[in-house]
Structure formats: structure tokens, C-alpha cells
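Examination of the molecular architecture
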Amino acid sequence: MTFFDPSLIKAARNIYRNYYSLGMPGDARPMGVVINRDSHRGQLAFRNKPILLPRECFIPMKQIEAEAY
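Each value, and the rule that gives it
- Residues numbered from 1 in each chain as written.
- Predicted model: local features only at pLDDT ≥ 70, side-chain atom pairs only at ≥ 80, totals over all residues.
- Heavy atoms only, no water.
- Helix = DSSP H or I, 4+ residues; strand = E, 2+ residues; numbered from the N terminus.
- Buried < 20%, exposed > 50% of the residue type's maximum accessible area, 1.4 Å probe, protein only.
- Contact = heavy atoms within 4.5 Å.
- Areas by Shrake-Rupley, 256 points an atom, 1.4 Å probe, with all protein chains shown as cover.
- Core = buried A, V, L, I, M, F, W, Y, C linked by side-chain atoms within 4.5 Å.
- Phe/Tyr/Trp six-rings, centres within 6.5 Å; stacked < 30°, edge-to-face > 60°.

Looking only at helices and strands, one finds two helices and three strands in the protein chain. Counting only residues that meet the buried cut, the protein chain has 32% of its 69 residues in that class. Restricting the contact set of the protein chain to residue pairs at least 6 apart, pairs at least 24 apart contribute 52%. When the accessible surface of the protein chain is totalled, it reaches about 5,200 Å², and 54% of it is carbon and sulfur.

Spelled out as C-alpha cells, the structure:
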């Protein structure tokens, strides 16, 4: 398991919560969040290995959920 800066995980968790709170229809569950290390802006990823830009990292849902408790 890869460890990330706690602020990145917090930002990823907020991105996921915003998505979830909108009640988005569909059966597709995100695999994680792709997030920029500098700006902490990101988006949901629906693939296990998304293509990343140089300052981005992928935080899997397993880690986002584990850090929440």
C-alpha cells in the first residue's frame, strides 16, 4: 500500500463525498481519485490504472475509505 500526504487523502475524500452527495445515478463505482499534488484539485477515476499527468497521483478508494475511520 502506498502512503500519501494526509492533505491529499483529505482532498480526495472531499471530492468523493461531493460526488456521492449529488446522488449520481448509475452502477459505476469509482475506483479512486486522480488528484493534483500541488492544487489538490481532482476528479473521480473509473479505471484501476488511469493515465496521469506529471503532478498527479491516483488514490484508490480502498485507501480513501480506510483513512476515514
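With that settled, the discussion passes to the nonpolar core. Of all hydrophobic cores here, the largest spans 15 residues; its most connected members are Val33, Ile35, Leu44, Cys57, Ile59 and Ile64. Of all the secondary-structure elements, those providing two or more residues to this core are α1 (6-21), β1 (32-36), β3 (56-60) and α2 (61-67). Among the elements that take part in this core, α1 stands out by supplying seven residues, more than any other. Sequence-distant contacts of isoleucine 64, that is, excluding residues within four places in its chain, are made with Ala12, Arg13, Val33 and Ile59.

What follows covers the packing of aromatic side chains. Summed over the entire model, instances satisfying the criterion amount to three aromatic pairs. Ring plane angle 35° and centroid distance 6.5 Å describe the contact between tyrosine 16 and tyrosine 19, whose orientation is recorded as tilted. Here tyrosine 16 pairs with tyrosine 19, and both are found in helix α1, just three residues apart, close to one helical turn. Taking 6.4 Å as the distance between ring centres and 70° as the angle between the ring planes, the aromatic pair formed by tyrosine 19 and phenylalanine 46 counts as edge-to-face. In this pair, tyrosine 19 is assigned in helix α1 and phenylalanine 46 in the loop between β2 (42-45) and β3, connecting sequence segments 27 residues apart. An aromatic cluster of three or more residues is present, and its members are Tyr16, Tyr19, Tyr20 and Phe46.

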